[in-house]
Structures are given as C-alpha cells and as structure tokens.
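Fold and geometry: a report
Below, each chain spelled out in residue letters.
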Amino acid sequence: MTWTRPGSTRSSPGTTCSRRSITGSTAPPSDGLEPGEEDPMSEELGATEREIVAQRLRKAEELRQLGVNPYGNGHAPEHLARDLHGRYGDAPPETIALDPGDWSVAGRVLAMRSFGKAAFLKVRDRSGEIQVWVKKDKVGEKAFEIFKRLDVGDVIAARGPATRTKTGELTVEAATFTILTKAIRPLPEKWHGLADVEQRYRQRYLDLVSTPGVRETFEKRARIVTTIRRFLDDRGYLEVETPTLHKPEEAGGATARPFETHHNALSLDLKLRIATELHLKRLVVGGLERVYEIGRIWRNEGIDRRHNPEFTSIEFYQAYATHEDLMLLTEQLFHELAVKVTGSAQVTFQGRVIDFTPPFPRHSMLEMGARALGLSPEDALAGRGLSEALSRAATREGNSEDAWKLEKASRASPGEAIALAFEVFCEHELPADRPTFVVDFPIETSPLSRRRDADPRLVDRFELFVAGMELANAFSELNDPVDQRARFEAQLAARAAGDEEAMPFDEDFVRALEHGMPPTAGEGIGIDRVAMLLTDAPSIRDVILFPLLKPRE
RNA sequence: GGGCGCAUAGCUCAACUGGCAGAGCAAUGGACUCUUAAUCCAUAGGUUGAAGGUUCGAUUCCUUCUGCGCUCACCA
C-alpha cells in the first residue's frame, strides 16, 4: 500500500536568499585580489567581505611561500576526537600525564582564542570536538609562522600528547601543526550562527558546521533508514529498486499530480513516479513474496511544513499476510524505531510526549464519521439521511472552509462523505499522546485495496496517525483481477469527470494480477515524516538536506 | 491566491513623537604562553531592500514593488 500524503498543502511561500548572503562560485587559487579587481565574487559581496576574501587569499599565497600547500592532500589523521574522550574520559591531569599518548587529529577550526605566542583552537571532526593547544615553544618557529596565517574556518592537522588544561578541558598539546585547507570565506557569526532559515537550507554545508543539532538530525535520519532496513531484512524481506521513470499509462499507485519529463532517443513522454506500489506488487506476482523498496518519489503539489515535492517512502509487501498482521508489524517497527533512534519509547515531539508502547489504540473512521453526523454507521454507509445530515452539519459549522468541505461531501458518494466528515470533525480528536490506527475505510477511498469479506462496502485498510500527521498507510491488497479492472474503470470515469488526479488504467498491472498474486498485505511509510517525529523537527525541510527552494532572483 | 508581520554595517540588533545612523560580534593593526562568547588598545566598515510621494528635514509617515517569515485556502 502506497503511503499517501494527507493534509493540506498550499502554494509555496517561496524563499530566496537574502541579499547579504555569501554564496556563489569559489575564487580561483590565485594571488590576493585587490579591492575592486574583476572577480566572479566581487559583484555579490559587500566591501567588507571582499576585503576578507582578499586577505585570506593573500594568506593562502603566503602559506605557499612557506612551503605549505593550502589545499594539500595526503594527510590522514590517525585519531578522532571521540578516541581521546573515550580514552581519558574525566581523568584528572595527573592521570593523563602518566600516559599522554601521541594523538594525530584533524578537523575544522570553529573558534580560536589566541594569546600571541600560544592559542587554543576548538577543532571539530566527524566524531566531535577536541581542543588543540598551539604553543610557539612546542611547535617551533616554522609551524608557528604557518599558524599565524590561520583563520577560523580553516581545516588543520595537529599531533601531540593529551593534556587537561587548568580549566578542565581535554586538549591535544600540539607538537606539530599545519593548515590543510585554507577557507577564504568566513563562517557564520559565532554567537547567533545562521539565523536566516532560508540560508540554512540553501547553504546546508554552513548549517551543518554552525547550527547545533543539525548533524545529529541527519545522523538520526540515517539510523531510521538503517533500522527499517534491518527490521525487514531480519524478517526475510528482499530489498529491490524499481523504475522512477514511469510511462504515462503506468499508475504508480497513488492519486497525485506527477512531474512530467521526456526521453529524447525514444521520443517518449515520461513522468516521475508518485509511488512504488504497482511495481512491487508485480514482483509479488513473480514470487518475491516479501519485498520492499526505500526510495524517492515525486509529487507535483504544494510545499509546506509537511510537504516537499520529492520525498522518501518505504513500501513493503508481504504475501500471505493481512492488514491485521501489518498492524502488529507496524507497532513493533515504530516501537523499535523510537527506542533505537531516541533511546526511549516515549518520544517528545513539539513539547508533547508520545508513547510508542504497543498496542496502539484503534479508531474507526466509519463509526467516528457517522457519529459526528448523528447517524448510525449502517445508515451512513447506505446513504440514508446522509445528505441532510451533511447539510445540517455544514450550516452548523461556523468555519467556512469546513462548511465548504461538508457541502462538497453532500454531493459525493456515501463512502467519500464519511471520509470527509471524519477529516473535518474527528481527525483532530485522535489521541495526541499515542500513535493511533484509523480503520474501517469506505471502499471509495481505496482503489487498490481488498474489500472486506464481512462488508464489501469497506476495505481492509488502516492508517497510522501520530501527532496529527499521517505516517503510514496499509491494506490487504486487492488481488482479484476482475475487481481491479472495474476499479481502474471507475478511475477513468472519475478522470473523465474532471478529476485530474484519478489513476490511469494500468493494463499491464491488471495482466499481472490475472496471472495470480497471492493474498498479500502492503504498507507505505513516509520516511521524512518519521524523521520529523523522531528528531522533533517542526518542518520537513529540517530533515531534508537540500529541500526544494524557489531560485534566487 | 488571501490575511498578519519583518527588511538598518559581513552577522545579531538599537536609534523615543520626523531632527548629526549606533552597539556587540566578525575583519584589520598592536599587547598578551591555561583560554571557553578570552581580555585590553586602536582602525576600518552604511545608497537604512527598491522606486516614488509628503516635509525645511524621512531609518521613522504614505503609495507601489521585491524578498523573507507566520497563517489560511487550493491540493489526499
């Protein structure tokens, strides 16, 4: 089952770099530029910055004259900051002095406190931070000449024994010191860092350097993907990759507007996939009974805090399973994700604690939607008194958008009306402190899922809601080819009636079902949303390294 | 697309009711061999987002535009 993006989107607020941002091409590794000299950077930089760049280029040249390549290579540090902290922990200076070791570290200089003939550098590598103490009498005249050309932001290497300074900080007391990479642009201001939100997304490299927690967010995102992969691998699933370029007649498996593109040599119009669903189910037909794909999908829709035009989904399919089996699996998976990524089953998201301990509460879309309209589930499904109830609700509803939605619902099928009533009245009443399964979906909302044996007006489907976000969508898959053909025909009719997002008729997919797909259940999860939840990120842009932004100018 | 808000030095922000555009950090020069936003002295850095208007005088008031933020809608 494809993960379907719910909720509201809106037109992009659009974002452009502020005029004072420092972006653009890098300067050639040439002599220092005189102010006003022709240079690709000079047009976009203010006088002060141009001056800084010119000075730093000059220092790079001076380093060359000292025999140091300011962009040299071949120097690999032997240790990480983490190694030192792991080795010494809180050990007092006397203990460290018994075995100070010989530590070779490298990293970016984040701060420098200089005393003329000595200085303390805050250096960061991939594992963390370590202080480096450069003293003229320890590193020697030549290395100290190199040190004089150092700026905050440069990448350096140092080697020497460990020590603990008077102020208690674990430190490498440099016996050798050199500059590995000369930065010619300055880092963001040290107190406030990158305050311009848009610049943080646009220049993520600076964000990663100077905004606390950003690196951790993306480390957690990686752990989420790894955890899901391992979880499914351990259960006998096979990871696959299916096409991201779809032909016009391929349905993909969701209702959304696609991006369109073109293959020149084949003279073929193509679209970027909006879901992985139908290819994966073809693979189940082919005997890959447990299969999953983690990958990028694209939807040509609005952008907001929960929506980016390209995002990552995982879909997985398990033959001989039902949607009930997947509910249990989903509870296990999310519990494991919470514990492995945040360290606890109780996750704090935007100031609220959400408890991921199974079992998760379940709520019926049918019952809640019908009750909100003052109808019995049976009457609502049968459409008895439905349009009157909707009109009453619309009149009662002060909120004009909701009234408009209800008005629209009164012209829709009973199933769609129930889903709309649920959305308007019930979605915000779902528990805020627990992940929640919504079940009992009307068939009209689900063109690819299996009818319920006990009531063919419903489908065997659930969605997982957490903190008001739809995180997962799953159902027992429709494997009756005759029924599937009829559902596609209904989609064609909807398209003819003006529904731009109705699915195309995917003949080859029906053909695959005609060859026989074992009874199967499938699920889709929005990885970005999960990452938001587990990193406490208020916007999807905070968990996507380079979110789509409006171009400058 | 609608509503609300913001735009001043490279960065973060001041500037009272319309009266000489400022501070901290960053930068540069100098002092300083245990600092944690190091400290001290000095220097430099501005078309106040753009265009127009009111006024003796506009960063300040008005109009339009541009950009950004928040929010609502379209949209599953």
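Given the structure is predicted, the values throughout are model-derived calculations rather than measurements. (Residues numbered from 1 in each chain as written. Chains lettered and ligands numbered in written order. Predicted model: local features only at pLDDT ≥ 70, side-chain atom pairs only at ≥ 80, totals over all residues. Heavy atoms only, no water.)

1. Quick look at the overall build of chain A
- Helix and strand counts for chain A come out as 17 helices and 20 strands.
- Every one of the 553 residues in chain A was classed for burial, and the buried ones make up 50%.
- Looking at chain A alone, contacts between residues at least 24 apart form 69% of all its contacts between residues at least 6 apart.
- When the accessible area of chain A is evaluated, it comes to approximately 25800 Å², of which 51% is carbon and sulfur surface. (Helix = DSSP H or I, 4+ residues; strand = E, 2+ residues; numbered from the N terminus. Buried < 20%, exposed > 50% of the residue type's maximum accessible area, 1.4 Å probe, protein only. Contact = heavy atoms within 4.5 Å. Areas by Shrake-Rupley, 256 points an atom, 1.4 Å probe, with all protein chains shown as cover.)

2. Some points on the sheet that holds strand β4 (residues 155-160)
- Taken together, seven strands build an open sheet; the order of strands is β5-β6-β3-β2-β1-β4-β7 and the sheet is mixed. Of all strands in the sheet, those with a lone pairing partner are β5 (162-164) and β7 (176-181), marking the two edges. Strand-to-strand twist across the sheet, computed as the mean angle between neighbouring axes with direction ignored, equals 45 degrees.
- The pairing of strand β1 (residues 103-114) with β4 spans six bridges and is antiparallel. (Pairing = 2+ DSSP bridges. Axes fitted to C-alpha atoms, helices over the stretch in contact; angles between N-to-C directions.)

3. Quick look at the packing of aromatic side chains
- Taken as a whole and judged by the stated rule, the model has 13 aromatic pairs.
- For the pair Y237 and F316, a centre-to-centre distance of 5.9 Å together with 90 degrees between the ring planes defines the contact as edge-to-face. Of this pair, Y237 sits in the loop between α7 (214-233) and β8 (238-239) while F316 sits in strand β13 (residues 310-319), placing them 79 residues apart in sequence. Like Y237, the residue F316 is buried in the burial classification.
- One aromatic cluster in this structure is built from F334, F356, F360, F437 and F462.
- Above the ring of W133, the side-chain terminus of K135 is found at 3.8 Å from the ring centroid.
- Positioned over the ring face of F441 is R461, at 4.2 Å from the centre of the ring. (Phe/Tyr/Trp six-rings, centres within 6.5 Å; stacked < 30°, edge-to-face > 60°. Lys NZ or Arg CZ within 6 Å of the ring centre and 35° of its normal.)

4. Some remarks on helix α9 (residues 323-342)
- Taking 1.5 Å per residue as the helical rise, α9 with its 20 residues ought to reach 28 Å, and the 27 Å between its terminal C-alpha atoms agrees with that figure.
- Buried residues of α9: H323, L326, M327, L329, T330, E331, L333, F334, L337, A338 and V341, and no others. (Expected span 1.5 Å × (residues − 1).)

5. Thoughts on the packing of helix α15 (residues 481-496) against helix α16 (residues 507-514)
- Close contact between α15 and α16 brings their axes to 9 Å; oriented N to C, the two are set at 165 degrees. Between α15 and α16, the interaxial angle falls into the category roughly antiparallel. Viewed along their axes, α15 and α16 form a crossing whose handedness is right-handed. Touching P481, Q484, R485 and F488 of α15 are E507, F509, V510, L513 and E514, all from α16.
- Among the residues making up the contact of α15 with α16, the classes are represented as five nonpolar, one polar and three charged. (Parallel < 35°, antiparallel > 145°, perpendicular 65-115°, else oblique. Left-handed = near helix turned anticlockwise from the far one by under 90°. Nonpolar A, V, L, I, M, F, W, Y, C, P; charged D, E, K, R; others polar.)

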